[in-house]
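Summary of structural features
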Amino acid sequence: LYLQGHSFFNRLVESKKPVEQEEEVEEEDEEPQRNFTFEQLKYFDGKKDESTNEIKPVYLALNGLVFDVSDGRNFYGEGGPD
């Protein structure tokens, strides 16, 4: 009886061991934080840059945070819903 109880107790204790924590994976593409003035932010409107002929990204500022919403340029850029 002692061995059975001992064996049961060991299984119970083993099942309660903490699970090893996974290592946190750092995002490799994370960009450093930037502060924008209103004038700087106006540049990122999704329109064509006249000097480089490239399409500019679309940035959206909300409550002091700036988001790159370029993937949704049809919605957030020029011609999107009002």
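Higher on the page you've got the structure.
Below, the structure is looked at part by part. (Residues numbered from 1 in each chain as written. Predicted model: local features only at pLDDT ≥ 70, side-chain atom pairs only at ≥ 80, totals over all residues. Heavy atoms only, no water.)

**A short note on the overall build of the protein**
Rule in force here: Secondary structure counts use DSSP, requiring at least four H or I residues in a row for a helix and at least two E residues in a row for a strand, with both numbered from the N terminus. Each residue's exposure class comes from its accessible area (1.4 Å probe, protein chains only) as a fraction of the maximum for that residue type: buried when under 20%, exposed when over 50%, partly exposed otherwise. For this analysis, residues touch if any pair of their heavy atoms sits within 4.5 Å.
A count of helical and extended segments in the protein gives 3 helices and 2 strands. Start at the N end of the protein and walk to the C end: the helices and strands fall as α-α-β-β-α. Taking all 82 residues of the protein together, 12% fall into the buried category. Within the protein, contacts between residues at least 6 apart in sequence are counted, and of these 8% link residues at least 24 apart.

**Regarding the pattern of salt bridges**
Just so we agree on the cut-off: When a carboxyl oxygen of Asp or Glu lies within 4 Å of a side-chain nitrogen of Lys or Arg, that pair is called a salt bridge.
For the structure shown, the criterion picks out 3 salt bridges. Two residues, E39 and K42, come together in a salt bridge whose shortest N-O distance is 3.5 Å. Pair noted here: E39 and K42 are both in helix 2 (residues 38-42), with a separation of 3 residues, about one helical turn. For K42, a relative accessible area of 44% corresponds to the partly exposed category.

**Observations regarding the pairing of strand 1 (residues 59-62)**
Rule in force here: Two strands qualify as a pair provided DSSP detects at least 2 bridges between them.
Pairing analysis gives 4 bridges linking strand 1 to strand 2 (residues 65-68), with the strands arranged antiparallel. Across the sheet, residue Y59 finds its bridge partner in strand 2, namely D68. From the end of strand 1 to the start of strand 2, which pair antiparallel, there are 2 residues, and N63 there has a positive phi angle of about 55°.

**Comments concerning the packing of aromatic side chains**
Any pair of aromatic rings gets described here by the distance separating the centres and the angle formed by the planes. The condition is simple: Centres within 6.5 Å make a pair out of two Phe, Tyr or Trp rings, where for Trp the six-membered ring is used; the pair is then stacked when the planes are under 30 degrees apart, edge-to-face when over 60, and tilted otherwise.
This structure, assessed with the given rule, holds 5 aromatic pairs. Relative to F44, the ring of F36 lies with its centre 5.8 Å away and its plane at 80°, an arrangement referred to as edge-to-face. Given a relative accessible area of 21%, F36 falls into the partly exposed group. When the centroid spacing of 5.0 Å and the interplanar angle of 90° are considered together, the rings of Y43 and F44 count as edge-to-face. By relative accessible area, which is 37% here, Y43 ends up partly exposed. Linked through ring pairs, F36, Y43, F44 and Y59 together constitute an aromatic cluster.

**Considering a nonpolar patch on the surface**
Defined as follows: Candidates for patches are residues over 30% relative accessible area with no salt bridge; among them, like charges are joined within 9 Å and nonpolar side chains (Val, Leu, Ile, Met, Phe, Trp, Tyr) within 5 Å. Methods summary: accessible areas were calculated by the Shrake-Rupley approach with a probe of 1.4 Å, and residue burial reflects only the protein chains presented.
Taken together, the side chains of L60, L62, L65, F67, F75 and Y76 present a nonpolar region at the surface, about 600 Å² in accessible area. Residue assignment for the nonpolar patch shows that the elements contributing at least two residues are strand 1, strand 2 and helix 3 (73-76). Summarising the element assignment, F67 is placed in strand 2. Take F67: its relative accessible area is 38%, and that puts it in the partly exposed class.

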